[in-house]
Amino acid sequence: MKKTILNLTGLSALICVLFLGACKKDTLTGDQAISDETAAQARLSKTLDSLKNVAGVIQYSVNVVKANQSTYVTGRTAASGQVEATVTVSQYGQTVTATTTNGIVSFPNCRIGSTNVVVQMNGFTTIDYKTSLTPPDSGIITSGSIRQVSTMVPIFAVSGAGNTAQIQGTVTLESDLTNSTPELAPATTVVSANIDANDPAFQATYLTRDGKAGSIISIAYEDAFSTTTLSATGTYTLTVPASVDKLPIKLVVTDVILNQKLYINNFQNVPFVNPSVQNIPTTFSQTVGILGYTAVPSVYPVTVTIAPPPAQGSGATVTAVLKATSVESGAGFTVLNGGSGYGINQTGIPVTVNGGSFDNTVTGFAAAALTANSNASGEIVSISGTNGMGYRGQATLTIGGSGSGAIVQPNYASTIANLGSTTNANDGSSITAGGSGYLSAPTARIQGTGPATYVNVTTSTTIYQNAVATINFAGVANTFTQAPTVTFDAQPSSTATARVNTLNGIVGGKISSIVILNAGQGYNPNGPAPTVTLGSLAPGGFGAIVNAVMNGAGDKVASINILDGGSGYSTGNYPSFMPFSISPAALYVSPNGTYVRDVYYGTGTRDINMNAL
């Protein structure tokens, strides 16, 4: 017997060179294609002859075993369960198909190297596996000899009594964190199961993986994938292959995307006074480990609502008038247009005074008596005469005489008159309505047409019996040309806010601490303190009694006094932790068995950036 010493690494290189030389790609005509195909077949035949010369011929046997009812003693023998199946072997571009006899089929003309095998049989799983017919690297391969290599492959029936098992269960998730009960996954959720060929127990029991020739490198089971959708009650039932030696089955559940209802203290960095219920898009997936879950927000578990201040005062009205002065109380008169046609260097041209809110009831009242003067061009250049007394607004002047077009403006300016005196009710401004409901002095807003547009008067306003009693305009130094309007701004007020802490605000189910967030403003210093109402986000909390404590002025909330902490108060979101998802471990099933595997998706991964306070 002739022996050839050949390193396996070198042999592999030889195989690659032989086949790479046959893979050149050209643009071919029909005749060239036929010619090249013939040449390729010749090269393949030459390659197989070369492999035969250096490593011999391999007779490769495949032993197909029905594994559902077979007891595997080792990875290479079985007590029973042989079947007849179609086996296809592919090697070096050649594919050969044969049918087993008593579960065994032989392929007598194989060579060393990788081999792909497909096993098929009606009612059973289709198997695709890869093996190597090359023996371990001993450095010596017998040339020109015939070697025997075999592989035993388990095949599993997918139906029939005694061949299958059932897996059933319920799929739940936490789509509503405001309650303590998990929700059912939607009916569109798909649950599947398949043989877990990667399971170490499966490989140790059913596969030959000792590294020798014929050892299985990789394997896949087709038609072993059982699939169903959930019922309306969130349950599923799957029929799967089984084996007396316990077949590992892996459960797969599709991802679910739902809006998750939960309490949060802020949303996209906008805080809420009390926790707000929001619906956040959330992905529930069995592939997300515990570190992949979005943390459940810790929220303030009790809402604290403080009654708002009483209604703001309204209805006050004031009629403001200007102090009575002469027709020109500023720097004389301004000639806006001298006109033309007036007498040359004429004096005593008649002037008529119009409007000006002349008041003949004020002390020393006197109507103005004015005349105009012209220049050498017949233009009005000045005003002379008596300016009078008692004008509460700017008058207009009409120039008489033979000319036309002259416009002269009195430079009138006056301050606001105070309220009428007891001796003369018409001496000044007046409160026409005191309004009602005023707890503090409102701001008087003065709007005029003169140099000053808006002026606020605050400290000089007096309130009596919730109505505006007096307002002093003495401090308003601004001057006006016409009587301004006076309005009252709304009294400043705001509702106080508070909350119970998440960490130390509840001790043993009792409320122990309430923090004032905003003291508010505008509460009635002479009335009762505002009511404080508590509400528990989580069911069960009850019995707490609290009241508001006001500041010294009585218009703001200083603190919340806890008279009774109540009982049963707790966190607002359920669960308050990050739970695990579906167990990744396989189920090991036997024929006719029924197995329960409930799937719990947990709290999922929320799909937006959300910061919980």
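All of the points below concern the structure found in this document.

The rules we used
Residues numbered from 1 in each chain as written. Predicted model: local features only at pLDDT ≥ 70, side-chain atom pairs only at ≥ 80, totals over all residues. Heavy atoms only, no water. Helix = DSSP H or I, 4+ residues; strand = E, 2+ residues; numbered from the N terminus. Buried < 20%, exposed > 50% of the residue type's maximum accessible area, 1.4 Å probe, protein only. Contact = heavy atoms within 4.5 Å. Areas by Shrake-Rupley, 256 points an atom, 1.4 Å probe, with all protein chains shown as cover. Core = buried A, V, L, I, M, F, W, Y, C linked by side-chain atoms within 4.5 Å. Pairing = 2+ DSSP bridges. Axes fitted to C-alpha atoms, helices over the stretch in contact; angles between N-to-C directions. Phe/Tyr/Trp six-rings, centres within 6.5 Å; stacked < 30°, edge-to-face > 60°. Polar contact = N/O pair within 3.5 Å; in protein donor to acceptor, adjacent residues only side chain to side chain. Salt bridge = Lys/Arg side-chain N within 4 Å of Asp/Glu carboxyl O. Lys, Arg positive; Asp, Glu negative; His and termini not counted.

With that out of the way, let us pick up the overall build of the protein chain. Assigned secondary structure in the protein chain consists of 3 helices and 43 strands. Within the span of the protein chain, comprising 613 residues, buried residues form 41% of the whole. Put simply, of all contacts in the protein chain between residues at least 6 apart along the chain, 74% involve residues at least 24 apart. Surface accessibility of the protein chain: about 29,300 Å² in total, with carbon and sulfur atoms responsible for 53%.

One finds Y60 and Y129 to be the most contacted residues of the largest nonpolar core, which totals 58 residues. With near-sequence residues (within four places) excluded, Y129 lies in contact with Y60, V62, T115, N116, V117, V119, T151, V153, I216, S218 and I219. Listed in part, the 31 residues of the second largest apolar core include A316, A320, Y342 and V408.

Strands sit in the order β5-β2-β9 across an open sheet of 3 strands; the sheet is mixed. Only two strands of the sheet have a single neighbouring strand rather than two, namely β5 (104–110) and β9 (146–155). Along the sheet, successive strands turn relative to each other by an average axial angle of 20°, direction set aside. By the bridge criterion, 10 bridges tie strand β2 (residues 57–66) to β9 in an arrangement that is parallel. Directly across from Q59, in β9, lies its bridge partner Q148.

Spatially, 5 strands are ordered β4-β3-β6-β7-β13 in an open sheet, and the strand pairing comes out antiparallel. The two strands at the open ends of the sheet, each matched to only one other strand, are β4 (94–99) and β13 (216–222). Across this sheet, the average inter-strand angle for adjacent strands is 15°, counted without regard to direction. Pairing between strand β3 (residues 86–91) and β4: 6 bridges, direction antiparallel. Within the sheet, the bridge partner assigned to V89 lies in β4 and is V96.

Under the defined criterion, the tally for this structure stands at 8 aromatic pairs. Ring geometry for F202 against Y206: centres 5.0 Å apart, planes inclined by 35°, an arrangement best described as tilted. Of this pair, F202 and Y206 both sit in helix α3 (residues 200–206), 4 residues apart, which is roughly one turn of that helix. Neither F202 nor Y206 differs from the other in exposure class; each is buried. Their ring planes at 50° and their centres at 4.9 Å tell us that F358 and Y391 sit as a pair that is tilted. With F358 in the loop between β22 (349–355) and β23 (369–374) and Y391 in the loop between β24 (380–386) and β25 (395–399), the pair connects residues that are 33 residues apart, well separated along the chain. The partly exposed category is assigned to F358, whose relative accessible area is 35%. Pairwise contacts between aromatic rings join F156, F202, Y206 and Y221 into one cluster.

Looking now at the side chain of R111. Topologically, R111 is positioned in the loop between β5 and β6 (114–120). At 2.8 Å, the side chain of R111 forms a polar contact with the side chain of N109.

Although it is not a glycine, N102 adopts a positive phi angle of roughly 55°. The residue N102 is located in the loop between β4 and β5 in this model.

Of the two faces of β6, the one holding T115, V117 and V119 is buried and the one holding S114, N116, V118 and Q120 is not buried anywhere. Bridge count between β3 and β6: 5 bridges; the pairing is antiparallel. From the neighbouring strand, T86 faces β6, where its bridge partner is Q120. What sits between the antiparallel neighbours β6 and strand β7 (residues 126–132) is a turn of 5 residues, in which G123 has the positive phi angle 80°.

This paragraph deals with the pairing of strand β38 (residues 542–550). Of the pairings in the sheet, the one linking β38 to strand β39 (residues 557–567) comprises 8 bridges and is antiparallel in character. The partner of F542 across the bridge, within β39, is S567. Between the end of β38 and the start of β39, which pair antiparallel, lie 6 residues, with G554 showing a positive phi angle near 80°.

Tracing the sequence through the fold places K66 in strand β2. In this structure K66 comes out as partly exposed when scored by relative accessible area, which is 23%.

Attention shifts here to the pattern of salt bridges. Considering all chains together, one arrives at 2 salt bridges under this definition. The salt bridge involving D359 is made with R392; its shortest N-O contact spans 2.9 Å. Separated by 33 residues along the polypeptide, D359 in the loop between β22 and β23 and R392 in the loop between β24 and β25 bring together distant segments of the chain. We classify R392 as buried; its relative accessible area is 8%. With its nearest N and O atoms 2.8 Å apart, the salt bridge here joins R445 to D489.

Moving on: the side chain of D196. By the secondary structure assignment, D196 is in the loop between β12 (190–195) and α3. One buried charged side chain, D196, makes no salt bridge at all; its nearest oppositely charged neighbour is K250, positioned 5.6 Å away. Discounting chain neighbours no more than four positions away, the residues touching D196 are F202, P248, K250 and A586.

So, on to the environment of D598. Mapped onto the secondary structure, D598 falls in the loop between β41 (594–596) and β42 (599–600). Overall, D598 belongs to the partly exposed group, its relative accessible area being 49%. Apart from residues lying up to four places away in sequence, D598 is in contact with G169 and T170. Polar contacts involving the side chain of D598 include one to the main-chain amide nitrogen of T170, which spans 2.8 Å.

By themselves these figures say nothing about function.
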